[in-house]
Amino acid sequence: MLHAAMVTSLQKPFSQFKGSYDKAVQLYQTGEHDKAIKLYQSIVDLKLDAADVYYNLGLAQLENEQFKSAQESFREALIYNNKDYEASIQLAISYKKSNNKSAALESYNEALQINPDLYEVHYDLGLMHMELGVKSQAHYHFDRATKLNDKLYEAFNDWGILYDSEKQVSKARECYQKSLAIKPDFFFAAYNLGLSYKSSGEQKLAIQYYEKALELKPNHQESLVSLGNLYNHQKHYDESIKVSLQVLSQNEKSIHGYYNLANAYFGRKEYKKAKVSYEEILNVSQNIPEVYNNLGIICLELKEYDQAHNYYSKALHIRPNYSSALTNLGWVEYLNDRLSTAIEHTVKAHSINPNDPVSNYNLGLYYLKYKDIKKADLHYSAAMKISPADPHAYQDL
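I will try to describe carefully the structure that is included in this document. (Residues numbered from 1 in each chain as written. Predicted model: local features only at pLDDT ≥ 70, side-chain atom pairs only at ≥ 80, totals over all residues. Heavy atoms only, no water.)

1. Observations regarding the overall build of the protein chain
Link 1 in the chain: On a plain count of helices and strands, the protein chain comes out with 23 helices and zero strands.
Link 2 in the chain: For the protein chain, long-range pairs separated by at least 24 residues make up 45% of all intrachain contacts whose partners lie at least 6 apart in sequence.
Link 3 in the chain: Roughly 20900 Å² of accessible area belongs to the protein chain as shown, and the carbon and sulfur atoms make up 50% of that amount. (Helix = DSSP H or I, 4+ residues; strand = E, 2+ residues; numbered from the N terminus. Contact = heavy atoms within 4.5 Å. Areas by Shrake-Rupley, 256 points an atom, 1.4 Å probe, with all protein chains shown as cover.)

Rendered as structure tokens:
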């Protein structure tokens, strides 16, 4: 905010310079900062004892990104009027913009010594301390800011992010909810609630808030991608296809868009469409082992065993200890009557992930075929223990 002329005791009547002063204010307000700076400087050069002139000069310099000059002007303003908390605030902002965070913190604290109830200063200090990792101070200032002004929806949202970073999920959600209660069309609070519920596996609530976020910002890529993934987990494949195509309409090289689309087609057992979508990812990146593994699974469904073998091998070339690909490669070998090789791959997968029910079940089957009843019993029993709802191991055992 611009300061009005306040000086009453001057060597010359301030009214003599009021025309220049008012013109400088007008130039600043119309964005002609260079001209405003020249006029303010001409008044300063007259050695007038005017804190407001230095303050307004600093504002113009700050707008012009002349940070050092702005800092000098605000410091001069404070020399003439050390109770001017607005000058301290603008000095802090100029330090912050020039990446001098320690000086910015000091100037903000000086402003609070003059006026402890500056909620915007508390809010900015909360953000700065959060960025610096001083979480106790960040909490203190977010708390002060929101108590001084309980309508600071952005402060509640940022406070929620701080709580989320500390895994204090319930407090984070409480902050996001307060933010939305104050401003129901605040996109980021709805989006952060979606993130929070997705992280904790509460998929239905995550979907609810991601859908709310998209009502507010219909083409938000991250929300669309997350919804595509969640819809697939909920087996809402038509909805996943819809949002995934929306992602791809905005970014035809979106790996996440194709990935969700492929999984939706796979869920609908449209294996050829799923294969095409995964292959589109390979046009963007050839270094994602999960894509090759999933293409192998699709080829198995299509009974294209040689292609499946090729895709699993490519996945393992990128990630040699990829247990899922090893288990799947073992299954292809089994289907091709290469039992010893099937056991070799699956034993390696089991050594990496002993609690995988699939590798345990497959080893039970292979050892049964190999007539090693003791090992078959061991792995079938493990599969039943890990996944008791799966009837296959129980039946084979």
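2. A look at the packing of helix H17 (residues 289-301) against helix H19 (residues 323-335)
Link 1 in the chain: Two elements in contact, H17 and H19, have axes whose closest approach is 10 Å; the angle formed by their N-to-C orientations is 25°. Considered as vectors, H17 and H19 are oriented roughly parallel to each other. As H17 packs across H19, the resulting crossing turns out to be left-handed. Contacts between H17 and H19 pair Asn293, Ile297 and Leu300 from the former with Ser324, Ala325, Asn328, Trp331, Val332 and Leu335 from the latter. (Axes fitted to C-alpha atoms, helices over the stretch in contact; angles between N-to-C directions. Parallel < 35°, antiparallel > 145°, perpendicular 65-115°, else oblique. Left-handed = near helix turned anticlockwise from the far one by under 90°.)

3. As for helix H9 (residues 153-165)
Link 1 in the chain: Across its 13 residues, H9 extends 19 Å between first and last C-alpha, which sits within 8% of the 18 Å expected from 1.5 Å per residue.
Link 2 in the chain: Taken together, the buried positions of H9 are Ala155, Phe156, Asn157, Asp158, Trp159, Gly160, Leu162 and Tyr163.
Link 3 in the chain: Looking at the buried residues of H9, the elements they touch are helix H7 (119-132), helix H8 (135-148), helix H10 (169-182) and helix H11 (187-199).
Link 4 in the chain: Remark: Lys167 follows H9 within two positions and exhibits a positive phi of approximately 65°. (Expected span 1.5 Å × (residues − 1). Buried < 20%, exposed > 50% of the residue type's maximum accessible area, 1.4 Å probe, protein only.)

4. Notes on the packing of aromatic side chains
Link 1 in the chain: This structure, assessed with the given rule, holds 18 aromatic pairs.
Link 2 in the chain: Their ring planes at 70° and their centres at 5.1 Å tell us that Phe187 and Phe188 sit as a pair that is edge-to-face.
Link 3 in the chain: If you follow Lys217 out to its NZ or CZ, it ends over the ring of Phe187, 5.0 Å from the centre.
Link 4 in the chain: In this arrangement the basic side chain of Arg319 is found over the ring face of Tyr322, its NZ or CZ atom lying 4.7 Å from the centre. (Phe/Tyr/Trp six-rings, centres within 6.5 Å; stacked < 30°, edge-to-face > 60°. Lys NZ or Arg CZ within 6 Å of the ring centre and 35° of its normal.)

5. A few points about the pattern of salt bridges
Link 1 in the chain: Per the stated rule, a full pass over the model turns up 13 salt bridges.
Link 2 in the chain: Across the pair Glu202 and Arg173 runs a salt bridge whose closest N-O atoms are separated by 3.1 Å. Of the two residues, Glu202 sits in the loop between H11 and helix H12 (203-216) while Arg173 sits in helix H10, which places them 29 residues apart along the sequence.
Link 3 in the chain: Here Glu202 falls in the partly exposed class, since its relative accessible area comes to 32%.
Link 4 in the chain: Arg319 serves as the salt-bridge partner of Glu290, at 2.9 Å between the closest nitrogen and oxygen. Of the two residues, Glu290 is situated in helix H17 and Arg319 in the loop between helix H18 (305-318) and H19; the sequence distance between them amounts to 29 residues. (Salt bridge = Lys/Arg side-chain N within 4 Å of Asp/Glu carboxyl O.)

6. Focus on unusual backbone geometry
Link 1 in the chain: The phi torsion at Lys167 lies on the positive side, around 65°, for a residue other than glycine.
Link 2 in the chain: Among the structural elements, Lys167 can be located in the loop between H9 and H10.
Link 3 in the chain: Assessed through its relative accessible area of 70%, Lys167 is described here as exposed.
Link 4 in the chain: Phi is positive for Lys235, close to 65°, though the residue is something other than glycine.

7. Comments concerning helix H22 (residues 373-386)
Link 1 in the chain: Over its 14 residues, H22 runs 20 Å from end to end, which matches the ideal 20 Å to within 8%, given 1.5 Å per residue.
Link 2 in the chain: Those residues of H22 not exposed but buried are Ala376, His379, Tyr380 and Ala383. The arc that holds every buried residue of H22, seen down its axis, measures 100°, which confines them to one face. Opposite the buried face of H22, at more than 90 degrees from it, the exposed residues are Lys374, Leu378 and Lys385. (Arc of directions from axis to C-beta.)

8. Examining the environment of Asn263
Link 1 in the chain: Its place among the elements puts Asn263 in helix H15 (residues 255-267).
Link 2 in the chain: On the basis of relative accessible area, Asn263 is assigned to the partly exposed category, the value being 25%.
Link 3 in the chain: Taking the C-alpha atoms as reference, Asn263 lies 8.9 Å from Ser277; in sequence the two are 14 residues apart.
Link 4 in the chain: The contacts of Asn263, once residues within four sequence positions are left out, are Asn232, Tyr237, Tyr278 and Asn294.
Link 5 in the chain: Here the side chain of Asn263 touches Tyr278 through a polar contact of 2.2 Å, side chain to side chain. (Polar contact = N/O pair within 3.5 Å; in protein donor to acceptor, adjacent residues only side chain to side chain.)

9. Some points on the side chain of Asn328
Link 1 in the chain: Checked against the element boundaries, Asn328 lands in helix H19.
Link 2 in the chain: With near-sequence residues (within four places) excluded, Asn328 lies in contact with Asn293, Ile297 and Tyr312.

10. A short note on the nonpolar core
Link 1 in the chain: Ranked by size, the top nonpolar core spans 34 residues in total, and within it Phe142, Trp159, Leu180, Leu193, Tyr210 and Leu227 carry the most contacts.
Link 2 in the chain: Mapped by element, the contributors of at least two residues to this core are H8, H9, H10, H11, H12, helix H13 (221-233) and helix H14 (237-250).
Link 3 in the chain: With 30 residues, the next largest nonpolar core counts Tyr258, Ala262, Tyr312 and Tyr322 among its residues. (Core = buried A, V, L, I, M, F, W, Y, C linked by side-chain atoms within 4.5 Å.)

11. What to know about the environment of Tyr191
Link 1 in the chain: Counting through the fold element by element, Tyr191 comes out in helix H11.
Link 2 in the chain: Judged by its relative accessible area of 14%, Tyr191 is buried.
Link 3 in the chain: A sequence separation of 29 residues divides Tyr191 from His220, and the C-alpha atoms of the two residues are 9.7 Å apart.
Link 4 in the chain: Those residues in contact with Tyr191 that sit more than four places away from it in its chain are Tyr210, Ala213, His220, Glu222 and Ser223.

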